[in-house]
Protein chains: 2
Amino acid sequence: MSHGREKILQTSLQEFAEKGYDGSRIDYIAKSAGVNKALIYYHFKSKEELYTAVINDLFEKAASVSITPTGTSVRDNLLQIMEHFMHFLHENPFFVKIMDQCVKHSRDIFNNLHHQNIFFERVMSMYLLGVQNGECRKVDHPEDFIVSLLGAVYFYFSHHKAIRKFYGDISEEEVISIRKRTMKDMVSRLLFS
Amino acid sequence: MSHGREKILQTSLQEFAEKGYDGSRIDYIAKSAGVNKALIYYHFKSKEELYTAVINDLFEKAASVSITPTGTSVRDNLLQIMEHFMHFLHENPFFVKIMDQCVKHSRDIFNNLHHQNIFFERVMSMYLLGVQNGECRKVDHPEDFIVSLLGAVYFYFSHHKAIRKFYGDISEEEVISIRKRTMKDMVSRLLFS
DNA sequence: AAAATTAGACTAACCATTTAGTTTAATTTT
DNA sequence: AAAATTAAACTAAATGGTTAGTCTAATTTT
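Predicted model, so just to flag it, every value in this text is computed and none were measured.

Conventions we followed
- Residues numbered from 1 in each chain as written.
- Chains lettered and ligands numbered in written order.
- Predicted model: local features only at pLDDT ≥ 70, side-chain atom pairs only at ≥ 80, totals over all residues.
- Heavy atoms only, no water.
- Helix = DSSP H or I, 4+ residues; strand = E, 2+ residues; numbered from the N terminus.
- Buried < 20%, exposed > 50% of the residue type's maximum accessible area, 1.4 Å probe, protein only.
- Contact = heavy atoms within 4.5 Å.
- Areas by Shrake-Rupley, 256 points an atom, 1.4 Å probe, with all protein chains shown as cover.
- Lys, Arg positive; Asp, Glu negative; His and termini not counted.
- Charge placed at Lys NZ, Arg CZ, Asp CG, Glu CD.
- Near = heavy atom within 4 Å.
- Polar contact = N/O pair within 3.5 Å; in protein donor to acceptor, adjacent residues only side chain to side chain.
- Buried area = accessible area lost by both parts, 1.4 Å probe.
- Salt bridge = Lys/Arg side-chain N within 4 Å of Asp/Glu carboxyl O.
- Nonpolar A, V, L, I, M, F, W, Y, C, P; charged D, E, K, R; others polar.
- Domains from an automatic or database assignment.
- UniProt positions renumbered as here; feature names shortened; annotations may be inferred.
- Least-squares fit on C-alpha atoms with pLDDT ≥ 70 in both.
- Axes fitted to C-alpha atoms, helices over the stretch in contact; angles between N-to-C directions.
- Parallel < 35°, antiparallel > 145°, perpendicular 65-115°, else oblique.

### Quick look at the overall build of chain A
Within chain A, the secondary structure is distributed over 11 helices and zero strands. Of the regular secondary structure in chain A, the N- to C-terminal order runs α-α-α-α-α-α-α-α-α-α-α. C-alpha atoms of chain A, sized along the principal axes, occupy 60 × 40 × 30 Å. Relative to its 193 residues, chain A shows a buried fraction of 53%. Partitioning the intrachain contacts of chain A with sequence separation of at least 6 by distance along the chain shows that 67% fall at a separation of at least 24. Total accessible area on chain A stands at roughly 9200 Å², and carbon and sulfur atoms take up 51% of it. Averaged over its 24 positive side-chain charges, chain A has a centre that lies 3 Å from the centre of its 24 negative ones.

### Let's talk about the protein's contact with DNA strand D
Around DNA strand D sit 16 residues in total, of which A:Asn36, A:Tyr42, B:Arg25, B:Lys37 and B:Lys47 are the nearest. In DNA strand D, atoms within 4 Å of the protein come from the sugar-phosphate backbone in 62% of cases. Within the backbone of A:Asn36, one N or O atom sits 2.7 Å away from a phosphate oxygen of DNA strand D. Between DNA strand D and B:Tyr41, the relevant distance is 3.1 Å, taken from a phosphate oxygen to a side-chain nitrogen or oxygen of the residue. Tallying contributions element by element places helix α3 (residues 37-43) of chain A first for the surface near DNA strand D, with four residues.

### A closer look at the interface of chain A and chain B
Opposite the 43 residues of chain A that make contact, chain B presents 43 residues. Each partner contributes to the roughly 4100 Å² buried at the junction of chain A and chain B, and carbon and sulfur atoms together form 61% of this total. It is A:Lys161, A:Phe166 and A:Arg189 in chain A that bury the most area against chain B; as a group they hold 16% of the surface buried on that side. Remark: the boundary between chain A and chain B carries four salt bridges. Note that A:Asp185 and B:Arg137 form a salt bridge whose closest N and O atoms lie 2.8 Å from each other. At the boundary of chain A with chain B, the tally comes to 15 residue pairs in polar contact (both at pLDDT 80 or more). Elements that contribute at least two residues to the side of chain A that touches chain B include exactly α1 (3-23), α6 (93-104), α7 (107-111), α9 (142-158), α10 (160-163) and α11 (172-191) of chain A.

### Description of the protein's contact with DNA strand C
Not every one of the 19 residues close to DNA strand C is listed here, only the nearest: A:Arg25, A:Tyr41, A:Lys47, B:Tyr42 and B:His43. Near the protein, within 4 Å, the atoms of DNA strand C are sugar or phosphate in 65% of cases. A:Arg25 is positioned with one of its side-chain polar atoms (N or O) 2.5 Å from a phosphate oxygen of DNA strand C. In the environment of DNA strand C, a base oxygen lies 2.9 Å from a nitrogen or oxygen atom belonging to the side chain of A:Lys37. Contributions of two or more residues to the surface near DNA strand C are made by α2 (26-33) and α3 of chain A together with α1 (3-23) and α3 (37-43) of chain B. With four residues, the top contributor of residues to the surface near DNA strand C is α3(B). By residue class, the composition of the surface near DNA strand C is seven nonpolar, eight polar and four charged.

### Digging into the domain arrangement of chain A
All names here are of chain A. Considered domain by domain, chain A is made up of domain 1 (3-59) and domain 2 (65-191). For domain 1 versus domain 2, the distance between C-alpha centres works out to 29 Å. Listed as interface residues are 14 residues of domain 1 and, on the opposing side, 12 residues of domain 2. Both faces combined, the contact of domain 1 with domain 2 buries some 1300 Å², and carbon together with sulfur accounts for 77% of it. It is Ala 17, Tyr 51 and Phe 59 in domain 1 that bury the most area against domain 2; as a group they hold 47% of the surface buried on that side.

### Considerations on the UniProt feature "DNA-binding region" (unreviewed entry) in chain A
The UniProt record marks residues 25-44 of chain A with the feature "DNA-binding region" (unreviewed entry), using the residue numbering of this structure. Strand forms 0% of residues 25-44 of chain A and helix 75%; the C-alpha atoms that close the span are 15 Å apart.

### Describing the relation of the copies chain A and chain B
One chain copy maps onto the other through a rotation about an axis and a shift parallel to that axis. Each copy superposes on the other: chain A lies on chain B with an RMSD of 0.2 Å after a rotation of 180° and an axial shift of 0.1 Å. Taken together, the rotation and translation relating the two chain copies correspond to the operation of a two-fold axis. The position closest to the rotation axis in chain A is occupied by the C-alpha of A:Ala152, lying 2.2 Å away. Most of the interface of chain A is mirrored in chain B: 100% of its interface residues are interface residues there too.

### Observations concerning the packing of α1(A) against helix α4 (residues 47-64) of chain A
Residues and elements named next belong to chain A. At a closest axis distance of 10 Å, the pairing of α1 and α4 adopts a crossing angle of 105°. Here α1 is positioned roughly perpendicular relative to α4, judged by the angle of their axes. Touching Ile 8, Leu 9, Ser 12, Leu 13, Phe 16, Tyr 21 and Asp 22 of α1 are Lys 47, Glu 48, Leu 50, Tyr 51, Ala 53, Val 54, Asp 57 and Leu 58, all from α4. Grouping the amino acids of the contact of α1 with α4 by side-chain chemistry returns 10 nonpolar, one polar and four charged.

Structure below.
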């Protein structure tokens, strides 16, 4: 594989994540990647195709993250998955930014992605296991509770700029550790009892 | 007040909410608003200024929404505020869309807004009241629980397209009613007991 | 009369895309 | 092994559509 192509993809991810599709400039991507603009068109047909390539790449990586919980109880495993979700968002800030735009931009790109929702599915199937073996409490609409739990976690990362001030002047790591505790408490209180 | 100015602001809100700042076109706004393009520049210095005017307008309206809970207990009042939050997001889809972009776009515009967080503040002060009179349970980091609760509600609206499918083939009103029940359950389990 | 609005041509900058070519390294032919 | 050929990777510069913003002169509204 050519070095240029990889570099273009990396740089484009940053640019698209930060400025959005319409705000991104091919010229700037080329300059940042240290390649000639035409090389982008050599590897990708158009800006649109570059965008979808970037997105597919990203979501593929996201989907390949293996989450095989190792706990002995459903409770442990659920907490592990959720913690994993948190870490994933924390370590992949581009994912959140791209995801946020992607939901709005061309629905075709987004709908053709298969792996948007591994975390939802894993939490759900783990929860259903918990209901079966009596560990979890039964709720009428588990999908709604799970969306709420994932959303609560996601929201902090997607609206970091707006939210951060509520936590005062402590380090990011401290906030994450607080959020982790809260998240565990939420899982316990909402899905168990 | 001039009729044109109002119409321009309304139309711009839609355009900016749907396409984002960079994706929006002044020509299109003028056409949709049924006014001449020059009129936009008669009222607003530039696209950027139009954008900030639209945003300030929107957040001003959002802040002016009076939330004066009428319940007899802190529990009732908290639930009322949260339900109000949900209704507000449901009825003002533009708000969510603008908010989402706004967090990313020019930080100056966003940081100069005073009223981003009325809901956070009202929930927080109501909760503190509940702690004082013994209705609510004490938690180490109430700000984190409140962010999580608001986030759980917000997430559904901001990522509607990605999430909707988890609820199957039921009407939007039904989903909202399910979400309302879940939200109440969450408030009860997280802030009380 | 002053403020609001229209018509629409105009411009300058911007920006995605193309064209026409070069470089490099590997493969084939002589 | 030298010469010829190929294909892929890459580049500099041009092209042309798009778009924010302007200008002028006239008309309508308050």
